[in-house]
Amino acid sequence: MNQVEILRFALRGLLANKMRSALTTLGILIGVAAVILLVAVGEGSSRSIQQNIQRLGANTLTISPSFSGGGGGGGGGMRAPGAGGGNTGPRTQARQLSLADAKALTDTTLAPSVRSVSPVVNASSSTAAYGAASHAISQFVGTYPSYFEAVNKPVARGTYFFNDDVLAARKVVVLGQTVVEELFGAVDPIGKQISVSGVPFTVVGVLKEAGSSGMQDADDVAIAPLPAVQQSLSGFGSLGQIVVQATSAETTTSAQAEVTAILNQRHGITNDNPDFRILNQATLQETVSEATGTFTVLLAAVAAISLLVGGIGITNIMLVTVTERTREIGIRKAIGAPRSAILGQFLMEATLLSLVGGLSGVLVAFVGTRFTIAGIEPVLVPSSVVLALGVSLGIGLFFGSYPANRAAKLRPIQALRHE
């Protein structure tokens with residue numbers, strides 16, 4: 001009996017019990033689709049997080065105080081843990097970040113890996129008004145022009161401010177899309193004057209839309225020259241942050257070491273308990289990549305359980321099939337069908353069930369990745385498709401081998417006597 005005849009007998013056996021075959025196929029379909037979809041969701045989640053991190057700049061270091069109670073507009077600074085050290089244990093010379101600290105970091109001799117330094121203050125409770133419209137700005141930032149490139153905030157309309165504006169403490173401002181929509185609607189904001197907590201600022205630019213990042217609207221922001229914000233809104237206290245841009249992504253670690261050494265010397269830090277924290281975007285990105293990779297593997301492992309259940313279903317169905325067709329097997333063996341033909345037929349049936357279920361699962365998963373799931377856009381991973389389909393075929397062969405072998409071992413006389 002050749003392979004074509006074995007395939008024909010297998011198809012005839014499967015079509016003789018269409019409902020049973022369909023239900024068995026459904027189990028494999030669900031398993032394959034679940035594996036591919038969950039891996040796609042994990043990959044989509046990973047890419048979304050990576051994009052959010054990259055928006056801040058892959059070669060950016062964010063320095064912030066590691067203790068509370070910052071003055072002069074520093075209260076809005078980032079408080080994420082970083083590589084600059086912890087904040088436990090006694091500290092005798094805790095100091096806030098200052099403009100002098102920021103200036104020291106621009107020393108090309110001590111910090112050759114540093115490209116730019118941007119001191120940052122955040123004015124709290126800043127309400128902007130234009131005409132009858134008003135809006136409470138989530139982040140009103142005072143900084144230098146280098147900040148725009150360091151944190152990857154390009155201007156979509158107009159322009160950002162320049163060093164001359166900083167030196168002259170001009171009250172000019174660049175707005176995020178959310179602020180523009182709330183204050184101006186469809187009106188062009190460039191050149192218009194807004195009032196921020198009673199202080200007039202002229203709009204010179206509009207930032208490119210960044211989108212939401214977690215619970216925070218990244219477009220609900222206004223950026224103005226540091227001296228103008230200090231004079232009018234925050235006061236001349238400490239800095240909330242210092243944003244440092246390394247010369248490249250490869251030199252970020254070197255820049256961090258140089259910055260740490262300079263600040264340790266200036267703040268009199270002699271132990272492993274500094275009064276500042278450094279958030280390294282490159283290190284954060286690597287950590288997130290590892291975490292999301294592990295998360296994706298766990299999702300795939302959980303989904304793979306449904307494939308195992310589908311395999312057990314194949315075993316059960318094929319055992320029932322062998323029992324029902326015992327007399328048929330006896331007749332075929334009695335007229336000369338070899339053991340290999342019986343074994344091949346039932347293995348072929350199990351494999352076909354897995355193949356049809358697997359291909360259907362791939363199709364369902366492909367359609368599923370076209371939709372947003374739990375706020376995440378799934379990203380189809382080709383390797384997960386190949387792996388899931390290969391595993392489904394392997395399951396068909398593995399779980400179908402026992403019933404097929406059992407059928408092939410039946411003695412003709414016993415099979416013919418079966419009722």
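Residues numbered from 1 in each chain as written. Predicted model: local features only at pLDDT ≥ 70, side-chain atom pairs only at ≥ 80, totals over all residues. Heavy atoms only, no water.

### Brief notes about the overall build of the chain
Move 1: When you go through the chain residue by residue, the secondary structure sums to 13 helices and 14 strands.
Move 2: Per-residue burial over the chain gives 46% buried out of 419 residues.
Move 3: Entry remark: accessible area of the chain is about 19900 Å², with carbon and sulfur atoms responsible for 60%. (Helix = DSSP H or I, 4+ residues; strand = E, 2+ residues; numbered from the N terminus. Buried < 20%, exposed > 50% of the residue type's maximum accessible area, 1.4 Å probe, protein only. Areas by Shrake-Rupley, 256 points an atom, 1.4 Å probe, with all protein chains shown as cover.)

### Digging into the side chain of Thr178
Move 1: Tracing the backbone shows Thr178 in helix α6 (residues 177–184).
Move 2: In this structure Thr178 comes out as buried when scored by relative accessible area, which is 15%.

### Considering the packing of helix α10 (residues 326–334) against helix α11 (residues 339–368)
Packed helices, taken two at a time, are described by the angle their axes make and the gap between the axes.
Move 1: One can describe the packing of α10 onto α11 by two numbers: an axis separation of 10 Å at closest approach and a directional angle of 145°. Side by side, α10 and α11 meet where Glu328, Ile329, Arg332 and Lys333 of the first sit next to Ala341, Ile342, Gln345 and Phe346 of the second.
Move 2: Of the residues that constitute the contact of α10 with α11, the class distribution is four nonpolar, one polar and three charged. (Axes fitted to C-alpha atoms, helices over the stretch in contact; angles between N-to-C directions. Contact = heavy atoms within 4.5 Å. Nonpolar A, V, L, I, M, F, W, Y, C, P; charged D, E, K, R; others polar.)

### Side note on the packing of α11 against helix α12 (residues 382–408)
Move 1: Across the interface, α11 lies against α12 with an axial gap of 7 Å and an inter-helix angle of 150°. Classed by the angle they form, the pair α11 and α12 counts as roughly antiparallel. α12 is crossed by α11, and the crossing has right-handed handedness.
Move 2: For the contact of α11 with α12, the per-class residue count stands at 16 nonpolar, eight polar and one charged. (Parallel < 35°, antiparallel > 145°, perpendicular 65-115°, else oblique. Left-handed = near helix turned anticlockwise from the far one by under 90°.)

### Focus on the nonpolar core
Move 1: Ranked by size, the top nonpolar core spans 41 residues in total, and within it Ile63, Phe140 and Ile194 carry the most contacts.
Move 2: Leaving out residues up to four positions away in the same chain, Ile194 has contacts with Ala128, Ala129, Tyr130, Val173, Leu175, Leu183, Phe184, Val199, Pro200, Phe201 and Val203.
Move 3: Listed in part, the 24 residues of the second largest apolar core include Ile28, Val32, Ile314 and Met318. (Core = buried A, V, L, I, M, F, W, Y, C linked by side-chain atoms within 4.5 Å.)

### Things to note about the environment of Ser248
Move 1: Position of Ser248 among the secondary structure elements: in the loop between β13 (241–246) and α8 (252–267).
Move 2: Ser248 sits 135 residues away from Ser113 along the chain, and the two C-alpha atoms are 8.1 Å apart.

### A short note on the pattern of salt bridges
Move 1: In the structure shown here, the tally under the stated rule is four salt bridges.
Move 2: Here Asp101 and Arg266 are joined by a salt bridge, their closest N and O atoms 2.6 Å apart. Highlighted residues: Asp101 in helix α3 (residues 99–104) and Arg266 in helix α8, separated in sequence by 165 residues.
Move 3: For Asp101, a relative accessible area of 0% translates into the label buried.
Move 4: For Arg266, a relative accessible area of 27% corresponds to the partly exposed category. (Salt bridge = Lys/Arg side-chain N within 4 Å of Asp/Glu carboxyl O.)

### A short note on α8
Move 1: Here α8 is 16 residues long and its end C-alpha atoms lie 22 Å apart, about the 22 Å a rise of 1.5 Å per residue gives.
Move 2: Within α8, the full set of buried residues consists of Thr252, Ala255, Gln256, Glu258, Val259, Thr260, Ile262, Leu263 and His267.
Move 3: Just downstream of α8, Gly268 is the residue with a positive phi angle, here 70°. (Expected span 1.5 Å × (residues − 1).)

### Details of the confidence of the model for the chain
Move 1: Looking at the chain, pLDDT values average 79 and 82% of them are 70 or higher.
Move 2: By mean pLDDT, the top-scoring element of the chain is strand β7 (residues 172–175) (95), and the lowest-scoring one is strand β10 (residues 212–213) (56). (pLDDT = per-residue confidence, 0-100.)

### So, a nonpolar patch on the surface
Move 1: A cluster of nonpolar side chains, namely Met19, Leu23, Leu26 and Ile30, defines an oily patch on the protein surface of about 420 Å² accessible area.
Move 2: Here Met19 is to be found in helix α2 (residues 18–55). (Patch = residues over 30% accessible without salt bridge, like charges linked within 9 Å, V, L, I, M, F, W, Y side chains within 5 Å.)

### Concerning the pairing of strand β5 (residues 139–143)
Move 1: β5 sits mainly inside the fold: four of its five residues count as buried.
Move 2: When strand β2 (residues 114–123) meets β5, the two strands line up antiparallel, connected through three bridges. By the bridge assignment, Asn122 is partnered in β5 with Val141.
Move 3: Two strands pair when backbone bridges link them, and β5 and strand β12 (residues 221–225) are joined in this way by five bridges, in the parallel orientation. Across the sheet, the residue bridging to Phe140 is Ala222, located in β12. (Pairing = 2+ DSSP bridges.)

### So, the packing of aromatic side chains
Move 1: Using the criterion set out here, one finds five aromatic pairs in the structure.
Move 2: An aromatic cluster of at least three residues, connected via ring pairs, comprises Phe148, Tyr160, Phe161 and Phe162.
Move 3: A cation sits over an aromatic face here: Arg370 above Phe366, 4.7 Å from the ring centre. (Phe/Tyr/Trp six-rings, centres within 6.5 Å; stacked < 30°, edge-to-face > 60°. Lys NZ or Arg CZ within 6 Å of the ring centre and 35° of its normal.)

### Concerning the environment of Ala22
Move 1: The topology assignment puts Ala22 in helix α2.
Move 2: Spatially, the C-alpha atom of Ala22 lies 9.5 Å from that of Val356, the residues being 334 residues apart in sequence.

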